[in-house]
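Survey of secondary and tertiary structure
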Amino acid sequence: MMSIIILLVVALLFLIISIFLFLGKGKWLIAGYNTLSKEEQKKYDEKKLCKAVGMLCILCCIMLCIMAYFGYRVDSGLMNENQMLLFALLFMLVLFTAIIVIGIYINKKAKK
């Protein structure tokens, strides 16, 4: 039960981060962006960059909530652990695909 609560707290954190990013206030949360020189930062459209990373955070939030739900079903005995393993593999596949797609988007569309 504690792991479900932890998943929901982390999902809430991802939701809060995504809100900051969608409002354009969270560019400091984007890893590597602040370490770029001012000249390099000017090459990126900050709004598009923040929205792309915000979408990734929303996806993580949704996936963690779904994982918490499935974890609850396993703890309650309503679902087999093997079915949870299949979801975990699907979770990783969706997450890696989203990271690749958003990385391509940032390099193609978020650059000025």
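This section reports on the structure supplied with the text.

Scoring rules and cut-offs
- Residues numbered from 1 in each chain as written.
- Predicted model: local features only at pLDDT ≥ 70, side-chain atom pairs only at ≥ 80, totals over all residues.
- Heavy atoms only, no water.
- Helix = DSSP H or I, 4+ residues; strand = E, 2+ residues; numbered from the N terminus.
- Buried < 20%, exposed > 50% of the residue type's maximum accessible area, 1.4 Å probe, protein only.
- Contact = heavy atoms within 4.5 Å.
- Expected span 1.5 Å × (residues − 1).
- Polar contact = N/O pair within 3.5 Å; in protein donor to acceptor, adjacent residues only side chain to side chain.
- Salt bridge = Lys/Arg side-chain N within 4 Å of Asp/Glu carboxyl O.

Moving on, we get to the environment of Gly71. In this fold, Gly71 is placed in helix 3 (residues 46–76). Relative accessible area serves as the criterion here: at 14%, Gly71 is assigned to the buried category. Remark: the alpha-carbon pair of Gly71 and Cys57, spanning 14 residues in sequence, is separated by 21 Å. Beyond its immediate chain neighbours, meaning those up to four positions away, Gly71 contacts Ile4 and Met84.

All right, on to helix 3 then. The terminal C-alpha atoms of helix 3 lie 45 Å apart, and with 31 residues this matches the ideal 45 Å at 1.5 Å per residue to within 8%. By the N-cap criterion, in which a side-chain oxygen at the helix start approaches the backbone nitrogen of a residue two or three places on, helix 3 is capped by Asp45, the distance to Lys47 being 3.2 Å. Immediately beyond the C-terminal end of helix 3, within one or two residues, lies Gly77, with a positive phi of roughly 85°.

Applying the stated criterion to the full structure yields two salt bridges. With its nearest N and O atoms 3.3 Å apart, the salt bridge here joins Lys27 to Glu46. Here Lys27 is found in the loop between helix 1 (2–22) and helix 2 (38–41), whereas its partner Glu46 is found in helix 3, with 19 residues between them in sequence. Taking the relative accessible area as the measure of exposure, Lys27 reaches 32% and is therefore partly exposed. Glu40 serves as the salt-bridge partner of Lys43, at 3.0 Å between the closest nitrogen and oxygen. On the basis of relative accessibility, which here comes to 30%, the residue Glu40 falls in the partly exposed class.

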